[in-house]
Structures are given as C-alpha cells and as structure tokens.
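# Descriptive analysis of the structure
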Amino acid sequence: MKNLIIPEGYEPQLSLRETQVAIKTIKDFFQRELAKQLNIIRVSAPLFVFPETGLNDNLNGIERPVDFGIGELNDHKAEVVQSLAKWKRYALKEYGFAPGEGIYTDMNAIRRDEETDNIHSLYVDQWDWEKVINRRDRSIEYLEETVRSVYKALKVTEDYMAYEYEYIGRYLPNDITFINSQELEDRYPELSPKEREYKAAKLHGAVFIEQIGDKLKSGEPHDGRAPDYDDWSLNGDILVYYPVLDIALELSSMGIRVDEKSMASQLKKAGCMERASLPFQKAILEENLPLTIGGGIGQSRICMFFLRKAHIGEIQSSIWPDGTRAEALKHNIRLL
C-alpha cells in the first residue's frame, strides 16, 4: 500500500461492465493495427518451458521464475515464462519466415518478485512480437524506423478510442522523440534513471530511450537487461507521459536481438559465459537462428493508458498487498 498513488479527485468514467467492453475494443483494434504496421501474424506460444533449454527470459537477472514439477515426467521441473524473447527466434526459424516478416503472440507470465504499485502487478500480459531482419538492418536507423511503426499503432489506437469515448481525449504527441541513455545521464547527472525518464517523458510527451543494459559513464547501466536477447547498443524503451498519475509510463521494451558477436561480448560483460553452452545461446553463437528484432507491449498498460485509469488493477485481476484494495476503493479506484 506504501506504493499506491492516489490521483486527486479521481472519478472513473466507465463502470466495471463498460470497462470490460472498452478493454476488448482496445485489444482488438491495437493488435490489428500493430500487425499491419509491422507485417506480423499471430501465433500460439508456450506458457512454460524447461529451464535447461535456456529459453526463459532472465529479465534483470535477479527475478525468480515460477516453477513446478510435471507429474507425468517424474516431477521434471518446468518454469513459467517471464517473456518469450528467446522462444520467438526458434519459432521464426521453425515456421520459415523471411526477412521483413514476423509473428506476435499473447504472453502471460507470473513475476513473483515484482514490487506492485499502480502500474506493476504480479501478473504480466503483453503482446510479444518478433520479425526476421537482414544483417544490414542491424542499425539504429532500422530500430528507430520500427519504433515509429509501433508508435503509429499506439497513436492510431488513441485517436480511435478518443473518437469512441469522448472523455479520453489525446495525450500522445504526433511524433516520438529519441534519446539514448548516456545523453539522458549527461543531461540530468544528479537524477536517478527513473527520475531522468520522468523528465524526458514530461518534456516530450513520448520518448524512446535507446541503448539500455551496458554501463554508462557513471559506471552503472540505465536499467538492467539480460545479456542474451537484446543487443544493448540497439535496444530501448517507449515511455509516455501519463497525466493521470503524473508519471513516465513504459508501454514497450524492444530491440534488435543479439547476433553471435554481441552475444559473446555481453555474456562476458555480464560474467555469465556459462550460458554459452545452453541450447539457445549456442544456436546464436553458431549462427543457427535468424537475425531478428522484437519486443513486448503491455496489454493491461496500454488499456490503462487509453482508458485513463488510475491503477492497473482496474484492468486486470491480480493479488495485491494487504489493505491495498480497501484503500484504493476509498478513492474511487475499484480493483478487479
């Protein structure tokens, strides 16, 4: 409850039932628009994987995946996915996609170590997407072109929802601003990374913060990133300013994925060369998987943003710390 933000005078504009209808409207519209912008199709994806495959996402490297024993396999342990960043490259190869083509899927995860607040939940739902690229596409220019396509899908969705629901209005600027994490640190050296994100998002409305994972001049990275999926020099986060909570709201993390050279370099920097022998990492190092770009887009987050909700729990059902639900209800925030 200590992390609960209470917007002054908050009044939800939609009932619980109307909210459920609006959530489906957003999800149906946005995923069609995203598929059109990126030339991707929907596929099915796993909810859990074997840890020894190296397929699970390590996120920042400290989060514990949820695991369980499978009775039929003598309690052989499986892990609930934390994202599908690695699995998608296997899928693209298996399905025979060519450069410029790709996939998206509904990813559902449990992040047991998440510190919950208005925008973080133990339950994660996002669209994970990935597409095949040529080696020449491994560039900042191609990354930014793709970011603009994702941002256009967000902008078009906001325009549509503002037309359907007059109270929504428009928050997103016409264009997204690009800034790399070192430039952001140089601009605001006295601030923490999250404070820098807030400054940039409020100033520009929508920003893509590039190059996340490697150490900055300060000796610390802007944020943690696993060393074996994004190329730290070719990735970033889409953040928008959200007036309802007066915060920088991250809607998407994405990037050009590691090739054999960046994989080896980042595993060494992260001090985890032992991962090089795992099947997925070995396939990258031996150039047996396609070069790709991909990312994740929070489903509940974009619904919260477009419907101008104060808490992600107004969009999804989850479990919250003691007292959170009652305190939120006192301020017209009804958690599902």
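Numbering of residues starts from 1 in every chain and runs along the sequence as written. The model is predicted, so local features are restricted to residues of pLDDT at least 70 and side-chain atom pairs to those at 80 or more, both for listing and for counting; the totals for chains, interfaces and linings are taken over all residues. Excluding hydrogens and water, the side-chain values take into account all heavy atoms of the structure.

## Remarks on the sheet that holds strand S2 (residues 48-49)
DSSP bridges decide pairing: two strands pair if at least two such bridges lie between them. Strands here mean DSSP runs of E at least two residues long; helices mean DSSP runs of H or I at least four residues long; both are numbered from the N terminus. Spatial ordering of the open sheet is given by S2-S4-S3, a layout of three strands whose pairing is antiparallel. Strand pairing shows two members of the sheet lacking a second neighbour, S2 and strand S3 (67-70), which therefore form its edges. Note that S2 and strand S4 (residues 76-80) share two bridges and pair antiparallel. Bridge pairing links Val-49 to Glu-79 in S4.

## Let's talk about the sheet that holds strand S7 (residues 177-180)
The strands making up a sheet associate through hydrogen bonds between their backbones, and the pairing can be parallel or antiparallel. The strand order across the open sheet built from eight strands is S1-S5-S6-S11-S10-S9-S8-S7, with neighbouring strands paired in mixed fashion. Here the strands that pair on one side only, and so sit at the sheet edges, are strand S1 (40-42) and S7. On average, each strand axis in the sheet is inclined to that of its neighbour by 25°, with strand direction left out of account. As defined by bridge partners, strand S6 (residues 123-132) adjoins strand S11 (residues 292-298) across seven bridges and the pair is classed as antiparallel. Across the sheet, residue Trp-129 finds its bridge partner in S11, namely Gly-295. In what follows, a contact means two residues having at least one pair of non-hydrogen atoms within 4.5 Å. Between the N-to-C directions of two axes lies an angle of 0 to 180 degrees, each axis being a line fitted to C-alpha atoms and, for a helix, fitted only over the stretch in contact. Packing of helix H1 (residues 16-38) onto the sheet brings it into contact with S1, strand S5 (102-110), S6 and S11, and relative to S6 it is tilted by some 20°.

## Describing the nonpolar core
Trp-129, Leu-154, Ile-302 and Leu-307 are the most contacted members of the largest nonpolar core, which totals 59 residues. Those elements that place two or more of their residues in this core are H1, S6, helix H3 (140-164), strand S8 (206-210), strand S9 (230-242), strand S10 (247-257), S11 and helix H8 (299-306). Looking at this core element by element, the count peaks at nine residues for H3. What is meant by a nonpolar core is a set of buried Ala, Val, Leu, Ile, Met, Phe, Trp, Tyr and Cys residues, joined one to another through side-chain atoms within 4.5 Å. For each residue, the accessible area found with a 1.4 Å probe, counting protein chains only, is set against the maximum for its type, and the residue is called buried under 20%, exposed over 50%, and partly exposed in between. Counting 23 residues, the second-largest nonpolar core is a separate cluster that includes Phe-97, Val-258, Met-263 and Cys-272.

## Some details on the UniProt feature "domain: Aminoacyl-transfer RNA synthetases class-II family profile" (unreviewed entry) in the chain
As annotated by UniProt and renumbered to match this structure, "domain: Aminoacyl-transfer RNA synthetases class-II family profile" (unreviewed entry) occupies residues 112-321. Annotated as 33% helix and 24% strand, the span residues 112-321 places its first and last C-alpha atoms 13 Å apart. UniProt positions are given in the numbering used here, feature names are shortened, and annotations may be inferred rather than shown by experiment.

## Things to note about helix H5 (residues 193-204)
A helix is expected to span 1.5 Å multiplied by its residue count minus one. Spanning twelve residues, H5 covers 17 Å between terminal C-alpha atoms, matching the ideal 16 Å at 1.5 Å per step. Inspection of H5 places Arg-196, Glu-197, Ala-200 and Ala-201 among the buried residues, and these make up the whole buried set. One face of H5 carries all of its buried residues, which in axial projection span an arc of 125°. Buried residues in H5 make contact with helix H4 (181-187), S8, S9 and S10. Looking at the residues trailing H5, positive phi occurs at Gly-205, about 90°. Here the arc refers to the set of directions running from the helix axis out to each C-beta atom.

## Notes on the pattern of salt bridges
When a carboxyl oxygen of Asp or Glu is within 4 Å of a side-chain nitrogen of Lys or Arg, the pair counts as a salt bridge. The full count for this structure, using the stated rule, is 28 salt bridges. Measuring nitrogen to oxygen at the nearest pair gives 2.9 Å for the salt bridge that ties Glu-130 to Arg-257. Remark: Arg-257 occurs in strand S10 and Glu-130 occurs in strand S6; sequence separation between them is 127 residues. Like Glu-130, the residue Arg-257 is buried in the burial classification.

## Topic: the side chain of Glu-197
If you trace the backbone, Glu-197 turns up in helix H5. Pairs of N or O atoms within 3.5 Å make up the polar contacts considered here, provided that, within protein, one atom can donate a hydrogen while the other can accept it, and that residues adjacent in sequence are counted only when both atoms are side-chain atoms. Looking at Glu-197, its side chain comes within polar contact range of the side chain of His-222, at 2.7 Å. Ignoring sequence-local partners within four residues, the contact set of Glu-197 consists of Leu-184, Ile-209, His-222, Leu-239 and Ala-248.

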